[in-house]
Amino acid sequence: MDDPATIGHRVQRLRAQRGLTQRQLAEPSYTPAYVSTLESGRVRPSETALRFLAERLGTSYEELATGRPAHLATELRLALVDARRQLATGTAEEAAVGYRRLLADAEHLGLVPERAEALLGLGDCALETGELVDAGRYFQEAERLLAEEPLPRRARAIRGRAVAHLLAGELRYACYLLESAIDELGASGLADPEALVILYAAVIGPYMDMGAHARAAHAAELALALAPQVDDPALVAGMHRQVARTFLAEGRTADADASLARAQAIYQQLSLRTDLAHCHWMRGYVQAQNGELESAEQELRAARDMLNVKRAALFTAHVEVELADVLRRLGRHGEASELLSAFLEPGDRHGAVHAGGAHRLLGLIAEERGDSETAEEHYVMALGLLERSGASGDLADLCRLLGDLLRRGGRTEAALDAYRTGLGHRSPPGTTTLGPAPTAVAFPRH
């Protein structure tokens, strides 16, 4: 809302244009003296008063309070819904073009919630394309703009920051951000299911990489249980978008905004597909650990297919590392090696943890084929990558594999060094260094 003097001058100008006296404008709810005081800028009008005056003046509350025609803000919200649809059903690169333009428009119009939405969209795009520094910057700015909002409104920004830290190898800080938010949701009574799906799904990655498999499995099951069930959501959302356009053309901006809110909610549910793909990924991982390899392959392929539809290349590549492990254990070494070699072609830009995992698997395949020299090369490369990331559970296992390989080759001293290194990275199964797991959020019974 503008300052009282600006609003007063705007009311006076519009009243004069419409040929109304102060009494005609004021009655029956207010007095001519009140209108006079307001027009002189000596009083800040309430929202109720401005809505009354806007109706009498034949304009909108928003235009009277800000000087900005209501249709401009609604058109921007419609464009943001279109960008969210593009991100949910198309490619991140195409969506980012629209979000950058909309961010500039929102800044020009002084629309803070719309600025935050554009920044969240840009952050999601940057995550999917692997531009982690940009992603972190977008999410941090969005969280700053939403600082006074309830936690569920900030969940996407928190999740985005955490994923950026995870992919940069900062596992413990990613856990800290997500666990703190889950605990805060539980303590505040704001048990918003969509926010919880976002946070539970995001914490799976750092839990897995830190060896906290029990926590990861529990988070995955909670997220899948809360996942919204929407029949053909894209069709329903598209209908709401078209209805909003019709309302906007008729000047019914309030009705258009209501339809846009419904469309936006559905597209946000569609965007959860990336998070739910992570849950299928985790379920496949747990099944693989239990020796249920055929089921694990199905879950991991489901996760990869969901991510491929989103063209989320970074996350798709990570799932393929887990899938390659299952294929190796099923004896399909050729398929596994092909996946892993494709993953490593651009270097380790997919993240040190998963690049290290790929080298570890290639080492195992080489060992199983009797090529000890190649196996050692892959294990050593994996060791260097994992030491950078702090993935203690994976490091301990890798050092055991390297030590066993060296011992079988008669290099006892080198093997002992590898074992000692591994012992320094051991941690109790299913734990992190962060203390107790987040408290499970209780929902009221209906």
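Cut-offs and rules
- Residues numbered from 1 in each chain as written.
- Predicted model: local features only at pLDDT ≥ 70, side-chain atom pairs only at ≥ 80, totals over all residues.
- Heavy atoms only, no water.
- Phe/Tyr/Trp six-rings, centres within 6.5 Å; stacked < 30°, edge-to-face > 60°.
- Helix = DSSP H or I, 4+ residues; strand = E, 2+ residues; numbered from the N terminus.
- Buried < 20%, exposed > 50% of the residue type's maximum accessible area, 1.4 Å probe, protein only.
- Lys NZ or Arg CZ within 6 Å of the ring centre and 35° of its normal.
- Contact = heavy atoms within 4.5 Å.
- pLDDT = per-residue confidence, 0-100.
- Expected span 1.5 Å × (residues − 1).
- Arc of directions from axis to C-beta.

Participant: Looking at this structure, I do not really get the packing of aromatic side chains. What am I missing?
Facilitator: The geometry of two aromatic rings is summed up by the distance between their centres and the angle between their planes. Tallied over the entire structure, the rule returns three aromatic pairs. Ring centres of tyrosine 173 and tyrosine 176 lie 5.9 Å apart, and the angle between their planes is 25°; this geometry places the pair in the stacked category. You can see tyrosine 173 and its partner tyrosine 176 sitting in helix α11 (residues 171-188), three residues apart, about one turn around the helix. Classification of tyrosine 173 as partly exposed rests on a relative accessible area of 35%. According to the relative accessible area criterion, tyrosine 176 is partly exposed, its value standing at 46%. Members of the aromatic cluster, each reached through a chain of ring pairs, are Tyr30, Tyr34 and Phe52. Lying across the ring of tyrosine 61, arginine 51 places its NZ or CZ 4.1 Å from the centre.

Participant: How should the side chain of arginine 15 be read in this particular structure?
Facilitator: Structurally, the position occupied by arginine 15 is in helix α1 (residues 4-17). Take arginine 15: its relative accessible area is 13%, and that puts it in the buried class. With near-sequence residues (within four places) excluded, arginine 15 lies in contact with Leu20, Thr21, Gln22, Leu25, Glu39 and Leu57.

Participant: Please explain the environment of isoleucine 198 as it appears in this structure.
Facilitator: The residue isoleucine 198 is located in helix α12 (residues 193-209) in this model. Residue classification places isoleucine 198 among the buried residues on the basis of a relative accessible area of 6%.

Participant: What should I look at first to understand the confidence of the model for the protein in this one?
Facilitator: Regions with low pLDDT should not have their predicted coordinates read in detail. Looking at the protein, the pLDDT average stands at 79 and 79% of residues meet or exceed 70. Residue range residues 427-434 is modelled with pLDDT below 50. Its contacts to residues more than four positions away, or to other chains, number 19 contacts.

Participant: Would you explain unusual backbone geometry in this entry?
Facilitator: Glycine aside, residues mostly have negative phi, and peptide bonds are mostly found in the trans state. Cis geometry marks the peptide bond from glutamate 27 to proline 28; its omega dihedral reads 10°. Summarising the element assignment, proline 28 is placed in the loop between α2 (22-26) and α3 (32-39).

Participant: Sorry, what's going on with helix α9 (residues 132-145) here?
Facilitator: In an α-helix, one turn spans 3.6 residues, which is why side chains three or four residues apart end up on the same side. Compared with the 20 Å implied by 1.5 Å per residue over 14 residues, the 20 Å span of α9 between its first and last C-alpha is a close match. Inspection of α9 places Ala135, Tyr138, Phe139, Ala142, Glu143 and Leu145 among the buried residues, and these make up the whole buried set. The arc enclosing the buried residues of α9, seen along the axis, measures out at 160°, which places them on a common side. Facing away from the buried side of α9, by more than 90 degrees, are the exposed residues Val133 and Gln140. If you follow the buried residues of α9, they end up packed against α8 (112-129) and α10 (151-167).

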